[in-house]
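# Observations on the three-dimensional arrangement
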Amino acid sequence: MTTDDRRYDDQDEAPLAGYATLATAFAAGAVLFSAAARRRGVQLPDRVPPWDVALLGTATFKASRLLSKDRITSFVRAPFTRRAEEGAGGEVNDAPRGRGARRAVGELVSCPFCTAAWVAGSLIACYAATPRTARLVSAGLSAMTVADWLQYAWTWTEHKTEG
């Protein structure tokens, strides 16, 4: 086997051990939550209504964008990323930095799709343990999502009427 055949990616930069550590941490969190919920006697819902899925989904969308793209939360990402460029609507685009676990965390916190899995896991755990609290938090985040869409629509309408 050649050296090139042993590499995972072309640049040999994928922090596979860091990814494995993050995946293990996610799985361990799920197991710990499950054990704690069982010990406390938390009854899981028999079903999740579609409107709760929609509420949790829009909340996950907004929270993952807040954590991974918002200018104000850049202090959370700063140890693991560097500012790559300005984005639209108060967002920024960060790039992961470092090697190993630091780079893996940088990739996680700079990617809204990656962060969404962690946010959804947290919201679902909250929903299972305290559904009213989860709905309230999700409603707030979902309201922010709707407000963002309205801001973009308003801005688009203003540009259409000016041009």
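This report concerns the structure included in the present document. Keep in mind that what you see is a predicted model, and the values were worked out from it rather than measured.

In this structure the tally under the stated criterion is one aromatic pair. Between Phe26 and Trp118, the ring centres sit 5.1 Å apart and the planes meet at 75°, which makes this aromatic pair edge-to-face. Of this pair, Phe26 sits in helix H2 (residues 16-40) while Trp118 sits in helix H6 (residues 112-129), and the two are 92 residues apart along the sequence. Assessed through its relative accessible area of 34%, Phe26 is described here as partly exposed. Trp118 sits in the partly exposed class, given a relative accessible area of 31%.

Let's shift gears to the side chain of Ser68. As for its position among the elements, Ser68 is in helix H3 (residues 50-69). Those residues in contact with Ser68 that sit more than four places away from it in its chain are Arg77, Val109, Ser110, Cys111, Pro112 and Thr115.

Turning to the nonpolar core, a few remarks are in order. Residues Leu56, Ala59, Ala63, Val119, Leu123, Tyr127, Ala134 and Leu141 constitute the largest nonpolar core, which totals eight residues. Secondary structure elements with two or more residues in this core: H3, H6 and helix H7 (131-162). Not counting chain neighbours up to four residues away, the residues in contact with Ala63 comprise Val119 and Leu141. Of all hydrophobic cores here, the second largest spans five residues; its members include Leu22, Ala104, Leu108 and Val109.

Cut-offs used in this document
- Residues numbered from 1 in each chain as written.
- Predicted model: local features only at pLDDT ≥ 70, side-chain atom pairs only at ≥ 80, totals over all residues.
- Heavy atoms only, no water.
- Phe/Tyr/Trp six-rings, centres within 6.5 Å; stacked < 30°, edge-to-face > 60°.
- Helix = DSSP H or I, 4+ residues; strand = E, 2+ residues; numbered from the N terminus.
- Buried < 20%, exposed > 50% of the residue type's maximum accessible area, 1.4 Å probe, protein only.
- Contact = heavy atoms within 4.5 Å.
- Core = buried A, V, L, I, M, F, W, Y, C linked by side-chain atoms within 4.5 Å.

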